[in-house]
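# Understanding the architecture of this molecule
Listed below, chain by chain, are the residues.
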Amino acid sequence: MKFFIDTANLNDIKEANDMGILDGVTTNPSLMAKEGITGEQNILDHYMAICKIVDGPVSAEVISTDYEGMVREGEHLASLHKNIVVKIPMIPEGIKAIKYFSGKGIKTNCTLIFSAGQALLAAKAGATYISPFLGRLDDVSTNGLDLIAQIRLIYDNYMFDTQILAASVRHPMHIINCAEIGSDVMTGPLSAIKALAKHPLTDIGLQQFLADHAKGNK
Ligand code: G3P
């Protein structure tokens, strides 16, 4: 399973990249705003800064909601760097735009997926990735993991190339469960990625090893 980090925070991106396990980055307008990145040029510059840190797909989201606007914005975003993936919302105009970009060989990430039907449509339009929002489904008492499993089954039935990018991941168990189900990619915060490494028995064991080594070398 590929690991993407879901943030626009350059320090977090650097830290995850330095761990050597990072495959890509996803952002969205809320994550940009959280970092105080506003204004078209600043946002474009920020995507470039991210592309300089990580050698992998970087999702950059369009703001337009009409087909022409999405095509115009997406083409510009894709022209910025070879690793930019154009992130398009799951709305009818978005499906049209995904089909257009797929015909031009421009990679897309269809975002705000909350049902298997939406995932099926995006795959038929030729999306490179689809982003089902795991945590936000859990937030409304619906099992987000069940949706990932349902989409996995559908995509495998028809051998769709579209990759399932589990998004709105909140904690390490989400990551492990996504890996069990066979999600192609997960995107989550640095905290969830780092939490995978933690185990109290590892810490206790290491302390003991170091203490024993120190005793033996007195
Ligand atoms: O990748 C989608 C993500 O940014 C949404 O996460 O935690 O706001 O639901 P969250």
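Our subject in this report is the structure included herewith.

Rules of the game
- Residues numbered from 1 in each chain as written.
- Predicted model: local features only at pLDDT ≥ 70, side-chain atom pairs only at ≥ 80, totals over all residues.
- Heavy atoms only, no water.
- Helix = DSSP H or I, 4+ residues; strand = E, 2+ residues; numbered from the N terminus.
- Buried < 20%, exposed > 50% of the residue type's maximum accessible area, 1.4 Å probe, protein only.
- Contact = heavy atoms within 4.5 Å.
- Areas by Shrake-Rupley, 256 points an atom, 1.4 Å probe, with all protein chains shown as cover.
- Lys, Arg positive; Asp, Glu negative; His and termini not counted.
- Charge placed at Lys NZ, Arg CZ, Asp CG, Glu CD.
- Salt bridge = Lys/Arg side-chain N within 4 Å of Asp/Glu carboxyl O.
- Near = heavy atom within 4 Å.
- Polar contact = N/O pair within 3.5 Å; in protein donor to acceptor, adjacent residues only side chain to side chain.
- 1 Å grid on protein atoms, 1.4 Å probe; cavity = no way out; pocket = protein on both sides within 12 Å on 5 of 7 lines; lining within 4 Å.
- Sits in = over half its atoms within 2 Å of the grid points.
- Patch = residues over 30% accessible without salt bridge, like charges linked within 9 Å, V, L, I, M, F, W, Y side chains within 5 Å.
- Points joined across faces, edges and corners; volume = space filled by probe spheres on them.
- Nonpolar A, V, L, I, M, F, W, Y, C, P; charged D, E, K, R; others polar.
- Expected span 1.5 Å × (residues − 1).
- Arc of directions from axis to C-beta.

## Description of the overall build of the chain
In terms of regular secondary structure, the chain is built from eleven helices and eight strands. By its C-alpha atoms, the chain is 75 × 40 × 30 Å across when sized along the principal axes. Within the chain, the fraction of its 218 residues that count as buried is 45%. In the chain, once contacts between residues fewer than 6 apart in sequence are set aside, the share between residues at least 24 apart is 56%. Of the roughly 11,100 Å² of accessible surface on the chain, a fraction of 56% belongs to carbon and sulfur atoms. Separation of charge centres in the chain, based on 19 positive and 24 negative side chains, amounts to 3 Å.

## Thoughts on the pattern of salt bridges
One pass over the structure, following the stated rule, counts ten salt bridges. Note that K82 is salt-bridged to D55, the shortest N-O span being 3.8 Å. Residue K82 is found in the loop between helix 4 (67-80) and strand 4 (84-89), and its partner D55 is found in the loop between helix 3 (40-53) and strand 3 (58-61); the two are separated by 27 residues along the sequence. As far as burial versus exposure is concerned, K82 and D55 are alike and both exposed. For K87, the salt bridge goes to E61, with nearest N and O atoms at 3.9 Å. Of this pair, K87 sits in strand 4 while E61 sits in strand 3, and the two are 26 residues apart along the sequence. The exposure class of K87 is buried, given its relative accessible area of 3%. Among the ionic contacts, a cluster of salt bridges with common partners joins R152, D156 and D184.

## Considering the site of the ligand
Taken together, D6, N28, L31, F133, R136, A167, S168 and R170 form the complete shell of residues around the ligand. Here an oxygen atom of the ligand sits 2.9 Å away from a polar atom, N or O, in the side chain of N28. Against a free-state accessible area of 310 Å², the protein chains account for coverage of 82% of the ligand. Of the pockets mapped on this structure, the ligand occupies the largest pocket.

## With respect to a nonpolar patch on the surface
There is a patch of nonpolar side chains on the surface, built from M173, I176 and L196 and spanning about 230 Å² of accessible area. Along the polypeptide, I176 turns up in helix 9 (residues 172-181). In this structure I176 comes out as partly exposed when scored by relative accessible area, which is 35%.

## Details of the side chain of N109
In this structure, N109 sits in strand 5 (residues 108-113). Side-chain polar atoms of N109 contact the side chain of S59, separated by 3.1 Å.

## A few points about the layout of surface pockets
Each pocket or cavity is described by its volume, and for the largest pocket that value is around 410 Å³. D6, N28, L31, S168 and P189 are, among the 25 residues lining the largest pocket, the residues nearest its centre. Elements supplying a minimum of two residues to the lining of the largest pocket: helix 2 (29-34), strand 8 (185-188) and helix 10 (190-195). Grouping the amino acids of the lining of the largest pocket by side-chain chemistry returns seven nonpolar, eleven polar and seven charged. Reported here for the second largest pocket is a volume of approximately 260 Å³. Looking at the second largest pocket, the residues that line it are N28, P29, M32, E40, I43, L44, Y47, E61, I63, E73, H76 and L77.

## Re helix 5 (residues 92-103)
Residues three or four positions apart in an α-helix share a direction because the helix packs 3.6 residues into each turn. Look at helix 5: 17 Å from first C-alpha to last across twelve residues, which is about the 16 Å you get at 1.5 Å a residue. For helix 5, every residue scored as buried is listed here: G94, I95, A97, I98 and F101. For helix 5, the arc enclosing every buried residue in end-on projection is 165 degrees, short of the 170-degree limit, so these residues lie on one face. Facing away from the buried side of helix 5 by over 90 degrees, the exposed positions are P92, K99 and G103. Considering only its buried residues, helix 5 is in contact with helix 4, strand 4, strand 5 and helix 6 (116-125). A positive phi of about 75 degrees marks G105, the residue just after helix 5.

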